[in-house]
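Each chain, written out:
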Amino acid sequence: MKIWIALLLATFAVGVSAQDQCICDSFKWATCGGTPCQCSVTVGTGENQNLDCSKLIPKCFLMKAEMFRARHGLSTRTGGKPVDTAFVDNDGIYDPDCDANGAFRAKQCNNTEVCWCVNSAGVRRTDKGDKSLRCEKLVETYWVRLELKHKAVNNAVDAAKLQDAVATAIQNRYSFDKTLVKEVQYDPKARLIVVDVQKEKGDRKADLSRMAYYMEKDVKVLPLFKDQAKFEPSVDGQKLEMENILVYYVDEEAPTFTMKRLTGGVIAVIVVVMLAVAAGLLVLFLKRRREQRYSKAEPRELEAM
Ligand SMILES: *[C@@H]1O[C@H](CO)[C@@H](O)[C@H](O)[C@H]1NC(C)=O
């Protein structure tokens with residue numbers, strides 16, 4: 001009797017693990033099936049994109065899938081510039097045009113009449129224009145700065161060991177060449193880890209955008225991987241869990257934004273300066289009035305008495 005049950009459980013287990021092999025580890029929303037196993041994801045109504053799940057999925061396909069899910073009410077996305085020309089993604093998600101390999105097309109319009117040019121990470125690098133806008137080529141992002149804030153920890157973090165810990169964690173979780181992690185700076189008070197990932201200009205093999213996007217999702221606790229693990233570098237056996245991430249992009253050519261749209265940071269600085277000036281003027285005004293009152297009002301009061 002016991003043997004029968006054991007045998008039954010064994011066959012069941014074999015059945016399950018055989019089925020488990022046709023899955024997409026690198027993208028939780030992919031569906032897989034057939035022999036040989038093929039995975040794909042829905043990117044539009046009746047439109048499926050085949051995927052290579054042995055690697056990270058191109059960001060352009062990921063965004064397309066997210067937009068499709070967003071439109072259909074399914075669940076989705078939720079230290080400063082390294083150089084002057086670095087910029088952040090203020091626009092968020094749109095429905096991108098991808099080429100067959102999953103690269104972004106240089107010009108994106110989000111299914112509207114408004115278009116803009118993007119870099120290889122799909123992030124806008126020009127002002128918005130109309131359909132006639134020209135984007136001559138896709139400009140490569142060769143450097144990303146990841147500003148990570150880690151959660152409070154019990155023991156002080158050894159800054160000297162941080163670079164290797166971060167590089168190793170990136171390599172393990174994103175199958176990414178750790179030698180491209182060029183510099184890691186640490187501010188213990190702010191719990192800020194600034195990671196510069198940089199490749200040679202002209203390198204078209206390493207894709208910084210995928211790694212950065214998968215990491216962004218991990219930190220925002222919406223991992224794209226099937227396994228819902230975290231990006232968690234470990235220093236001296238202590239794991240650093242992240243609570244925030246900001247990504248700066250540096251392209252092989254500087255972006256061509258005009259100053260029409262002030263960024264939040266610039267606006268904040270302008271407001272602070274204006275408030276300081278106003279406060280200064282108010283102090284001056286009050287002082288002046290008090291001086292006047294003492295010099296003029298007092299004698300008059302005396303006279304009245
Ligand atoms: C793209 O269009 C969608 C609506 O289809 C909108 O929600 C989203 O904000 C747009 N994104 C950009 C960057 O314009």
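Here the structure is shown first, and the text comes after it.
Residues numbered from 1 in each chain as written. Predicted model: local features only at pLDDT ≥ 70, side-chain atom pairs only at ≥ 80, totals over all residues. Heavy atoms only, no water.

1. So, the site of the ligand
Move 1: Taken together, Met67, Asp91, Ile93, Tyr94, Asn110 and Trp116 are the residues near the ligand.
Move 2: Ile93 is positioned with one of its backbone polar atoms (N or O) 3.2 Å from a nitrogen atom of the ligand.
Move 3: Asn110 places a polar side-chain atom, nitrogen or oxygen, 2.3 Å from an oxygen atom of the ligand.
Move 4: Here the ligand loses 52% of its free accessible area of 360 Å² to cover by the protein chains.
Move 5: Grouping the amino acids of the shell around the ligand by side-chain chemistry returns four nonpolar, one polar and one charged. (Near = heavy atom within 4 Å. Polar contact = N/O pair within 3.5 Å; in protein donor to acceptor, adjacent residues only side chain to side chain. Areas by Shrake-Rupley, 256 points an atom, 1.4 Å probe, with all protein chains shown as cover. Nonpolar A, V, L, I, M, F, W, Y, C, P; charged D, E, K, R; others polar.)

2. A short note on the packing of helix α3 (residues 159–174) against helix α4 (residues 208–219)
Move 1: One way to put it is that α3 packs onto α4 with a least axis distance of 11 Å and a crossing angle of 95°. Accordingly, the angle class assigned to the pair α3 and α4 is roughly perpendicular. Along its contact with α3, which presents Ile170, Arg173 and Tyr174, the element α4 presents Met211, Tyr214, Met215 and Asp218.
Move 2: Residues belonging to the contact of α3 with α4 are distributed by class as follows: five nonpolar, no polar and two charged. (Axes fitted to C-alpha atoms, helices over the stretch in contact; angles between N-to-C directions. Helix = DSSP H or I, 4+ residues; strand = E, 2+ residues; numbered from the N terminus. Parallel < 35°, antiparallel > 145°, perpendicular 65-115°, else oblique. Contact = heavy atoms within 4.5 Å.)

3. Overview of the state of the cysteines
Move 1: Within the structure shown, the criterion is met by six disulfides.
Move 2: With a sulfur-sulfur separation of 2.1 Å, Cys22 is cross-linked through a disulfide to Cys37. Judged by the torsion about the S-S bond (85°), the Cys22/Cys37 disulfide is right-handed. Remark: Cys37 occurs in the loop between β1 (31–33) and β2 (38–44) and Cys22 occurs in the loop between α1 (2–20) and β1; sequence separation between them is 15 residues.
Move 3: Between Cys32 and Cys39 runs a disulfide, and the two sulfur atoms are separated by 2.1 Å. (Disulfide = S-S within 2.5 Å.)

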